[in-house]
Amino acid sequence: MTNFILCSSDQAKLEQGKISQLDIDVSRALYRLQKRFRFIDFLQVVSTKQSDFLVLVYVDSAKLLSYNELAELNVELKREMKKEIRILEVRASKPKLIQELLLPVKIVSHSNVWLPDGSQVLKVSVKNEDLKRLGDSVDTLKKMVSSTLDTQLFIEAS
């Protein structure tokens, strides 16, 4: 990872579509940040996904990352890549994954709501000022949660 040339194995994976250029770009950015964030040693990038305004980075981690670690890494990765980034742990619970998606907004509470048709909605409460900070991205985040976790999300101000 010291230069921009891929090894033959990774080049073959890229050509076969097993990995994407975005996967490579994220891995290189994480490599550059590794000295400042020692916990990156415990991360393995599983996949990446680009949306309209956000890059989702799915990682497997030997240890669960704290809120502060994720928040700091998201900020620094955003600086490195010049894109909005969210790191999602593949082993995390649904509420933690949603918290990771909503960073830097903190979830005050969450609950599962069962609808009369038998479907389920995850209701998340955030502080009113945090909800305002999300602005227009609320609808996009709801769609991302829906597609990522196969769960409808309802966000309310507390």
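Residues numbered from 1 in each chain as written. Predicted model: local features only at pLDDT ≥ 70, side-chain atom pairs only at ≥ 80, totals over all residues. Heavy atoms only, no water.

Chemist: Can you lay out the overall build of the protein chain for me, pointing to particular residues and giving the numbers?
Modeler: Helix and strand counts for the protein chain come out as six helices and six strands. For the protein chain, the sequential pattern of α-helices and β-strands runs α-α-β-β-α-β-α-β-β-α-α-β. Counting only C-alpha atoms and orienting by the principal axes, one finds that the protein chain spans roughly 55 × 35 × 30 Å. In the protein chain, which comprises 158 residues, the share counted as buried stands at 38%. In the protein chain, the share of contacts with a sequence separation of at least 24, taken over all contacts with a separation of at least 6, comes to 56%. (Helix = DSSP H or I, 4+ residues; strand = E, 2+ residues; numbered from the N terminus. Buried < 20%, exposed > 50% of the residue type's maximum accessible area, 1.4 Å probe, protein only. Contact = heavy atoms within 4.5 Å.)

Chemist: Tell me about helix H2 (residues 21-33), and please be specific about residues and values.
Modeler: Given a rise of 1.5 Å per residue, 13 residues ought to cover 18 Å, and the 19 Å separating the end C-alpha atoms of H2 matches this to within 8%. If you check which residues of H2 are buried, you get Leu 22, Asp 23, Ile 24, Val 26, Arg 28, Ala 29, Leu 30 and Leu 33. Looking at the packing, one finds that the buried side of H2 touches helix H1 (8-16), strand E1 (43-50), strand E2 (55-61) and helix H3 (67-81). (Expected span 1.5 Å × (residues − 1).)

Chemist: Let's hear about helix H6 (residues 137-149): which residues, and what values?
Modeler: Taking 1.5 Å per residue as the helical rise, H6 with its 13 residues ought to reach 18 Å, and the 18 Å between its terminal C-alpha atoms agrees with that figure. Every buried residue belonging to H6 is among Ser 137, Val 138, Leu 141, Met 144, Val 145, Ser 146 and Leu 149, and all of these are buried. For H6, the elements touching its buried residues are E2, helix H4 (94-102), helix H5 (128-134) and strand E6 (152-157). Of the residues flanking the end of H6, it is Asp 150, one or two places downstream, whose phi is positive at about 55 degrees.

Chemist: Lay out the packing of H4 against H6 with the relevant residues and their values.
Modeler: Orientation of H4 relative to H6, taken along the N-to-C sense of each, is 145 degrees, at an axis distance of 11 Å. In this structure, H4 meets H6 at a crossing whose hand is right-handed. The segment H4 lies against H6, with Lys 94, Leu 97, Ile 98, Leu 101 and Leu 102 engaging Leu 141, Met 144, Val 145 and Leu 149. Partitioning the contact of H4 with H6 into residue classes produces eight nonpolar, no polar and one charged. (Axes fitted to C-alpha atoms, helices over the stretch in contact; angles between N-to-C directions. Left-handed = near helix turned anticlockwise from the far one by under 90°. Nonpolar A, V, L, I, M, F, W, Y, C, P; charged D, E, K, R; others polar.)

Chemist: With reference to specific residues and values, describe unusual backbone geometry.
Modeler: A positive phi is found at Lys 82, a non-glycine position, where the angle reads about 60 degrees. Assignment of secondary structure puts Lys 82 in the loop between H3 and strand E3 (85-89). Taking relative accessible area as the criterion, Lys 82 reaches 71% and is therefore assigned exposed.

Chemist: With reference to specific residues and values, describe the pairing of strand E5 (residues 120-126).
Modeler: The buried fraction of E5 amounts to five of the seven residues, a majority that puts the element mostly inside the structure. Linking strand E4 (residues 107-114) to E5, which pair antiparallel, is a turn of five residues; within it Gly 118 sits at a positive phi near 95 degrees. (Pairing = 2+ DSSP bridges.)

Chemist: Summarise the side chain of Gln 99; cite the residues concerned and give the values.
Modeler: By the element assignment, Gln 99 lies in helix H4. A polar contact is formed between the side chain of Gln 99 and the backbone nitrogen of Ile 107, at a distance of 2.9 Å. Not counting chain neighbours up to four residues away, the residues in contact with Gln 99 comprise Tyr 67, Val 105, Lys 106 and Ile 107. (Polar contact = N/O pair within 3.5 Å; in protein donor to acceptor, adjacent residues only side chain to side chain.)

Chemist: Any chance you could break down the pairing of E3 for me, citing the residues and the numbers?
Modeler: Counting buried positions over the five residues of E3 gives five, a clear majority of the element. Of the two faces of E3, the one carrying Ile 85, Ile 87 and Glu 89 and the one carrying Arg 86 and Leu 88 are both buried. With five bridges connecting them, E2 and E3 associate as parallel partners. Bridging from a neighbouring strand, Val 57 pairs with Ile 87 of E3. Regarding topology, H3 serves as the crossover connection from E2 to the parallel E3, and that connection is right-handed. (Right-handed = clockwise from strand over helix to strand, strands pointing away.)

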